[in-house]
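Here is what each chain is made of, one letter per residue.
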Amino acid sequence: TSPGTWSDRLVCAVDQARLLSVEIKSHRGALLLSQKDGRWLLGEPGREITAESFAAKVQPILTLLTRLEAQNIVSDQGLHPFVLAGLAAPEYRLAIRRAVAGQAAGEEETLLLEIGPQKPGFNHPLRKAGTAGVIYELRGWQIRPLRVSPEEIKTLPRPPGAPV
């Protein structure tokens, strides 16, 4: 039986109010979004800028994580080696840090996702930490918001007074 028939296709569902940070690493570089005092910041601590300035790039990432559902779920057993090779060198690595609901203040957890490149006959494979043997399959349009680079952000127009 394929895991897709008995397993939930929901990869993650994050309440933005509980979301603390999202780090995206790709061949384009690393991008860190963090929430502080209800505001989204972009960049390393001490050098961050308000993400509201770049809402057109930031909001789609946050929306993606609100409910990311796979097109399909498959077992990694018998999966073509080139699909598994794509996960050995993923196109994107995400570390999603969030506050744990119903727990003591300060309790948090980190969800780790690795997304491989699209392969012929298979969309983007995704491996979620803690789900051994299960590979999620995402469509290209689903990961489009992740295709933003730190350099691209640096070239966007800055509001007056924003640090460079």
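Computed from a prediction, not measured in an experiment: that's the story for all the values here.

## A few points about the pairing of strand S9 (residues 108-115)
Okay, so step 1: Note: strand S8 (residues 92-99) against S9, 8 bridges, orientation antiparallel. Of the residues in S9, the one forming a bridge with Arg98 is Glu109.

## Structural notes on the sheet that holds strand S5 (residues 49-50)
Two modes of strand pairing occur in sheets, parallel and antiparallel, and in both the strands are linked by backbone hydrogen bonds.
Okay, so step 1: With antiparallel pairing, the 9 strands of this open sheet are ordered in space as S5-S4-S3-S2-S8-S9-S10-S11-S7. With one partner strand each, in any of the chains shown, S5 and strand S7 (72-75) form the two edges of the open sheet.
Okay, so step 2: Summarising the sheet, strand S4 (residues 39-42) and S5 pair through 2 bridges and their orientation is antiparallel. In the strand pairing of S5, Leu41 is matched with Thr50.
Okay, so step 3: Seen against the sheet, helix H2 (residues 55-66) touches strand S2 (19-26), strand S3 (29-36), S4 and S8 and runs at an angle of roughly 105° to S2.
Okay, so step 4: Here helix H3 (residues 81-88) sits on the sheet in contact with S8, S9, strand S10 (124-128) and strand S11 (134-138), set at roughly 55° to S10.

## Digging into the pattern of salt bridges
Okay, so step 1: This structure, assessed with the given rule, holds 5 salt bridges.
Okay, so step 2: Salt-bridge contacts for Glu69 lead to Arg67; the nearest nitrogen and oxygen are separated by 3.2 Å.
Okay, so step 3: Since its relative accessible area comes to 28%, Glu69 is described here as partly exposed.
Okay, so step 4: Between Arg93 and Glu114 there is a salt bridge whose closest N-O contact spans 2.5 Å.

## Some thoughts on the environment of Leu41
Okay, so step 1: Tracing the chain through its elements places Leu41 in strand S4.
Okay, so step 2: The exposure class of Leu41 is buried, given its relative accessible area of 11%.
Okay, so step 3: Separated by 17 residues in the primary sequence, Leu41 and Val58 place their C-alpha atoms 9.7 Å from one another.

## Quick word on the side chain of Arg98
Okay, so step 1: Considering the arrangement of structural elements, one finds Arg98 in strand S8.
Okay, so step 2: Accessibility expressed as a relative area gives 16% for Arg98, which makes it buried.
Okay, so step 3: There is a polar contact of 3.4 Å between the side chain of Arg98 and the backbone oxygen of Ala13.
Okay, so step 4: At 2.7 Å, the side chain of Arg98 forms a polar contact with the side chain of Glu109.
Okay, so step 5: Residue contacts for Arg98: discarding those within four places in its chain leaves Ala13, Val14, Arg18, Leu19, Leu20, Glu107, Glu108 and Glu109.

## Here we look at H3
Okay, so step 1: Of the positions making up H3, those classed as buried are Val83, Gly86 and Leu87. Down the axis of H3, the smallest arc covering the buried residues is 100°, so these residues share one side. Facing away from the buried side of H3 by over 90 degrees, the exposed positions are Pro81 and Ala88.

## Notes on unusual backbone geometry
Okay, so step 1: Its identity as a non-glycine residue notwithstanding, Asp37 has a phi of 55°, on the positive side.
Okay, so step 2: Examined against the element boundaries, Asp37 turns out to sit in the loop between S3 and S4.

## A word on the pairing of S11
Okay, so step 1: Counting buried positions along S11 yields 5 of 5 residues, so the element is predominantly enclosed.
Okay, so step 2: A two-sided burial pattern is seen for S11, the buried positions comprising Val134, Tyr136 and Leu138 on one face and Ile135 and Glu137 on the other.
Okay, so step 3: Note that S7 and S11 share 4 bridges and pair antiparallel. From the neighbouring strand, Ile73 faces S11, where its bridge partner is Tyr136.
Okay, so step 4: Relative to S11, S10 is paired through 3 bridges, and the arrangement is antiparallel. Paired with Pro125 across the bridge in S11 is Glu137.
Okay, so step 5: Between the antiparallel neighbours S10 and S11 lie 5 residues, among them Gly130 with a positive phi of about 90°.

Definitions and limits used
- Residues numbered from 1 in each chain as written.
- Predicted model: local features only at pLDDT ≥ 70, side-chain atom pairs only at ≥ 80, totals over all residues.
- Heavy atoms only, no water.
- Pairing = 2+ DSSP bridges.
- Helix = DSSP H or I, 4+ residues; strand = E, 2+ residues; numbered from the N terminus.
- Contact = heavy atoms within 4.5 Å.
- Axes fitted to C-alpha atoms, helices over the stretch in contact; angles between N-to-C directions.
- Salt bridge = Lys/Arg side-chain N within 4 Å of Asp/Glu carboxyl O.
- Buried < 20%, exposed > 50% of the residue type's maximum accessible area, 1.4 Å probe, protein only.
- Polar contact = N/O pair within 3.5 Å; in protein donor to acceptor, adjacent residues only side chain to side chain.
- Arc of directions from axis to C-beta.

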